[in-house]
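Observations on the three-dimensional arrangement
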Amino acid sequence: MAEHYLKRELYELIRGDAQSFDFLQQATLDGIWFWDLEHPGHEWMSDRFWTMMGYDPAGKQPLASEWQALVHPDDMKSVQQALERHFADPACPFDQVVRYTHRDGSTLWIRCRGMIVRDDQGRPVRMLGAHTDITPIKQIQTTLETRTRDLARIARAMDNAQEGIIITDAQARILSVNRAFTQITGYTAKEAVGNNLRMLKSGWHDADFYRAMWWDIIQTGTWQGEIRNRRKNGEEYPQWTAISRVPGEDGENDYVAVFSDLTDKKQADERIAFLAHYDPLTGLPNRHLLMDRLHQALAYHQRQGLHLALITLDIDDFVAINERLGHQAGDQILGRIARRLQDALREADTVSRLGGDEFVIIIHSLTDPEQIHAIIRKLHSGFVQPMDSEHGDINLTASMGIALSLPDVDADTLLRHSHHAMFLAKQKGRGAFHIFDTSHARMMDKLREQRQRIHQGVKQGEFVLFYQPKVNLRSGCVRGVEALIRWRHPERGILSPAAFLPQIIDTDLEFQLGDWVLTEALRQMNEWKMSGTNISVSVNVSATHLLQAGFAHKLANMLLAYPQLAPGDLEIEILESAAVEDWEMAALAMQDCRALGVRFALDDFGTGYSSLVHLRRLALDTLKIDKGFVGDMLDDPEDFSIVESVVSLAISFQLEAIAEGVETERHARVLMKMGCPVVQGFGIARPMEAARVMPWMEEWKQSGLWKKMQQKPG
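Okay, the nonpolar core next. Counting 78 residues, the largest nonpolar core has Tyr467, Leu473, Val537, Val539, Leu546, Leu555 and Leu671 as its most contacted members. Apart from the residues within four sequence positions on either side, Leu671 is in contact with Val630, Met633, Val643, Ala659, Val662, Cys676 and Val679. Ile311, Ile333, Leu341 and Ala398 belong to the second-largest nonpolar core, a separate cluster that totals 32 residues.

With respect to topology, 5 strands assemble into an open sheet ordered 12-13-11-14-15, the strand pairing being mixed. Each end of this open sheet is capped by a strand with a single partner; those strands are strand 12 (350-355) and strand 15 (433-435). Direction aside, neighbouring strands of the sheet carry axes that sit 20 degrees apart on average. In the packing of helix 13 (residues 327-344) onto the sheet, the strands contacted are strand 11 (307-315), strand 12 and strand 13 (358-366), and the crossing angle to strand 13 comes to about 5 degrees. Along the sheet, helix 15 (residues 411-428) contacts strand 11, strand 12, strand 13, strand 14 (398-404) and strand 15; its crossing angle with strand 14, the most-contacted strand, is approximately 140 degrees.

Reading across the sheet, the 5 strands line up as 2-1-5-4-3 and stay open at both edges, with antiparallel pairing between neighbours. The outermost strands of the open sheet, each flanked by one partner alone, are strand 2 (43-45) and strand 3 (94-101). Here the strands of the sheet are splayed against their neighbours by 25 degrees on average, with no regard to which way each runs. Relative to strand 5 (residues 124-133), strand 1 (residues 31-36) runs antiparallel, the two sharing 6 bridges. Its bridge partner being in strand 5, Ile32 is matched across the sheet by Ala130.

Right, let's get into the packing of helix 24 (residues 637-652) against helix 25 (residues 665-674). Two packed helices can be described by the angle between their axes and the distance between those axes. Between helix 24 and helix 25, whose axes approach to 10 Å, the crossing angle comes to 45 degrees. The pairing of helix 24 with helix 25 is recorded here as oblique in orientation. The hand of the helix 24/helix 25 crossing is right-handed. Contacts between helix 24 and helix 25 involve Phe640, Val643, Glu644 and Val647 from the first element and Val670, Leu671 and Met674 from the second.

Along the chain, the position of Asp569 falls in the loop between helix 19 (551-560) and strand 20 (570-575). Buried charged residue Asp569 carries no salt bridge. Nearest counter-charge: Lys529, at 4.2 Å. Other than its neighbours up to four places away in sequence, Asp569 contacts Met525, Lys529, Asn534, Ser536 and Val537.

Right, let's get into the pattern of salt bridges. Counting across every chain of the model gives 33 salt bridges. Lys624 is the partner of Glu482 in a salt bridge, and the nearest nitrogen-oxygen pair spans 3.0 Å. Remark: Lys624 occurs in strand 22 (residues 622-625) and Glu482 occurs in strand 17 (residues 478-489); sequence separation between them is 142 residues. Per residue, the accessibility class of Glu482 equals that of Lys624, and both read buried. For Lys624, the salt bridge identified is with Glu573, shortest N-O distance 2.8 Å. With a gap of 51 residues between them, Lys624 in strand 22 and Glu573 in strand 20 connect regions that are remote in the sequence. You'll find Lys624 and Glu573 in the same group, each marked buried.

One turn of the α-helix equals 3.6 residues, which is why residues spaced by three or four share an orientation. Residues of helix 14 (residues 372-381) that are buried include every one of Ile372, Ile375, Ile376, Leu379 and His380, and no others. Along helix 14, the residues classed as buried sweep out an arc of 140 degrees about the axis, all on the same side.

Of the voids in this model, the largest pocket is the one considered here, and its volume is about 1300 Å³. In terms of lining residues, the largest pocket is bounded by 45 residues, among which Pro497, Leu501, Asn540, Leu575 and Asp603 are the most central. Secondary structure elements with two or more residues in the lining of the largest pocket: strand 16 (463-472), strand 17, helix 17 (508-530), strand 19 (537-540), helix 18 (543-546), strand 20, helix 20 (576-581) and strand 21 (599-605).

This next bit is on empty space enclosed by the protein. Applying the stated criterion to the full structure yields 4 cavities of 30 Å³ or more. Estimates place the volume of the largest cavity at around 70 Å³. Those elements that place two or more of their residues in the lining of the largest cavity are strand 1, helix 5 (73-88) and strand 3. When its residues are assigned to classes, the lining of the largest cavity shows 8 nonpolar, 1 polar and 1 charged.

Further remarks concern unusual backbone geometry. We note that Ser365 has phi near 55 degrees; this positive angle belongs to a residue other than glycine. The phi dihedral of Gln654 falls on the positive side, at around 55 degrees, and the residue is not glycine.

Of all 10 residues making up helix 25, 7 are buried, and the element is well covered by its neighbours. When we look at burial in helix 25, the residues that qualify are His667, Ala668, Arg669, Val670, Leu671, Met672 and Met674. On its buried face, helix 25 is in contact with helix 23 (627-632), helix 24, strand 23 (656-659), strand 24 (678-679) and helix 27 (705-709). Just beyond helix 25, the residue with positive phi is Gly675, at close to 95 degrees.

Pairing geometry for strand 8 (residues 222-230) and strand 9 (residues 236-247), over 9 bridges, is antiparallel. Within the sheet, the bridge partner assigned to Glu226 lies in strand 9 and is Trp240. Adjacent in sequence and paired antiparallel, strand 8 and strand 9 are bridged by 5 residues, among which Gly234 carries a positive phi angle near 95 degrees. Relative to strand 10 (residues 253-261), strand 9 runs antiparallel, the two being bridged by 9 bridges. Bridge pairing links Gln239 to Asp261 in strand 10. The turn linking strand 9 back onto strand 10 is made up of 5 residues, and Gly251 within it adopts a positive phi angle of 90 degrees.

One can describe the packing of helix 12 (residues 318-325) onto helix 13 by two numbers: an axis separation of 6 Å at closest approach and a directional angle of 135 degrees. Between helix 12 and helix 13, the interaxial angle falls into the category oblique. Note on element contacts: helix 13 touches helix 12 through His327, Ala329, Gly330, Ile333 and Leu334, opposite Phe318, Ile321, Asn322 and Leu325. Partitioned by chemical class, the residues of the contact of helix 12 with helix 13 number 6 nonpolar, 3 polar and no charged.

Cut-offs and rules
Counting restarts for each chain: residues are numbered from 1 in the order of the written sequence. Only residues with pLDDT of at least 70 get local features here, since the model is predicted, and only at 80 or more are side-chain atom pairs given and counted; chain-wide, interface and lining totals rely on the full set of residues. Derived side-chain values reflect all non-hydrogen atoms in the structure, with water molecules and hydrogen atoms excluded from consideration. Among buried residues, those of type Ala, Val, Leu, Ile, Met, Phe, Trp, Tyr and Cys that are joined through side-chain atoms within 4.5 Å constitute a nonpolar core. The buried label applies to any residue whose accessible area, calculated with a 1.4 Å probe on protein chains only, is under 20% of its type's maximum; exposed applies above 50%, and partly exposed to all values in between. Here a residue-residue contact requires only that any non-hydrogen atoms of the pair lie within 4.5 Å. A pair of strands is labelled paired if DSSP reports no fewer than 2 bridges between them. Helix and strand definitions follow DSSP, with helices as H or I runs of at least four residues and strands as E runs of at least two, each counted in order from the N terminus. The angle between two axes is taken between their N-to-C directions and runs from 0 to 180 degrees, where each axis is a line fitted to C-alpha atoms and a helix contributes only its stretch in contact. If an angle is under 35 degrees, it is roughly parallel; if it is over 145, roughly antiparallel; if it lies from 65 to 115, roughly perpendicular; otherwise it is oblique. Throughout, a crossing is termed right-handed when the near helix is turned clockwise from the far one, and left-handed when it is turned anticlockwise from it by less than a right angle. Here Asp and Glu are counted as negative and Lys and Arg as positive; His is not counted, and neither are the chain ends. By convention in these notes, a salt bridge is any Lys or Arg side-chain nitrogen within 4 Å of a carboxyl oxygen on Asp or Glu. An arc is given here, and it is the one of the directions from the helix axis to the C-beta atoms. For each structure, a 1 Å grid was placed over the protein atoms alone; sets of points admitting a 1.4 Å probe that cannot get out are labelled cavities, open sets with protein on both sides within 12 Å along at least five of seven lines are labelled pockets, and lining residues have an atom within 4 Å of a point. Grid points are joined across faces, edges and corners, and a volume is the space filled by probe spheres set on the points. Nonpolar residues are Ala, Val, Leu, Ile, Met, Phe, Trp, Tyr, Cys and Pro. Charged residues are Asp, Glu, Lys and Arg, and all others, Gly as well, are polar.

Purely geometric stuff here, so don't read any function into it on its own.
Below, the structure written as structure tokens:
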């Protein structure tokens, strides 16, 4: 290929221009370029320029567009501006750092320098220049900048770290510390740097400790653990320290220790440990520590054949003291009570506070259970002396429940026994005590088990309603049925109410079961009605259930669930004895239910000594004569007179009388003569399941006792 004219011209220029020649000499290791300004598209680049870019020089044309295509787009504008400045003012050199794209796609940093060659008239005709690859320098510069930023970042992080940081050399001479070091130890960086780490030693650890620590560091490069050091003010403190070995480039090791002050954590841990076992107000053991000591004490006393007593002590009417003097004064009094109790007992005994004004005391090593009486007197004597306060003298008394240890009684049971005994002591009056009776405890445990089994039976649907008809002997019509609860026990068979109702008196379970009876009775009434038969149902409701707050509202919601029923079809039976016990409250509750249309019957009338005033004020519809009087009236003139009087009383008050316990035809005929045709009893029908009621009614219409009643006795 013929040599390019620019190359030949360049050679001529070099020979004739010493200055250009010198410049070229300086640039021989770089890429050289020569640009024809009269023909701007023509530019010659040396072979070194193209090899620098990763290209074969033989495959490249001497055109400006060839190298311009390799310039990074973001740098082209600055190159053009620099050229324009150089053209306008030769004193302004063309010297630019430009990014080029290598053939492999990487970026090269190129220093591009050049100068204009002018003609005799001073016009720019050519431009000569060189390209120097400064990519390695840029990479080194970037690395240094990154390291500088990293070091600055590390320095900031170190100085802002919450943990103290110490850097030492191999001789444990301090090289650097951070701000947290000063905050923790009290030493400034100026005071610490250059000194040996020994300046922080407290003398708490012996030489073996430090030998073991440095052995670990030498062997593994790290160590961490708790060290007790000394601050500048002489105060010792615990710190958690992690030490790491840092190999140096010169072969020497430096060491970095990162540590945190454990003082607050230790104090918090001690406080948590204290609160876990002690009452913060009095400093006495709490329930957790009490039970731990009680478990151990019971085991010890059983091995030694000794007795132990557990006393639950409750300050009488302490709530009133809090309300009158305020809780702060109340807390102060509790603290003083705690000290009095401790002073009254032996050091081996334990006084604990479970909360509020309740204290529990373990009395150890009783050789005779009777010794407890002397201890009780001593504890009571601590309350004889009034407690002075800024509000004046305060007289206190305490009720105590005492439970004595037994071989088969564990700690939880013993505490429960002492609590129960304390409640019994409260019932005796202020300042009383009660020693737990184990036979009573067994009875209470049995009662608790029975209640749990009844509750389980309710949840499992074991209870059912039986129904006993009430009939009018004169007309033969079925007056209604009385719902009677039964327990279909899986093991014991059908149980009557006497087998389970007494166990749940005055408990939530009584209300729960009573609500179920009402709901189930209404459901059955609705089922009969939907099948075309209207049967009224009477339900027995206890006085406590009737007087429960919101009973009438709850009953109204039950009735709303069955809008097809007439409220008058439901009758509530209450015992006469229960109504008389609190007849005023009973009258109010009955009025609320009567407003719903519900009827009322007074059951077992004649046993509760109701006055005529009570009968007049209670919203009643029916009097049910107690079956005890009815059953014996044929043989006992007094019972006969009572039944006759009740029937007359019902007629006088315009109430319906129903005789219970009718067993024979003779009973029925006597009651008919008295004017009481509505009866119920085994002589009419025994209680039956709901499915038997309607078939029985058909049988009754055809051949019931009432048919015989139409005939004259022979």
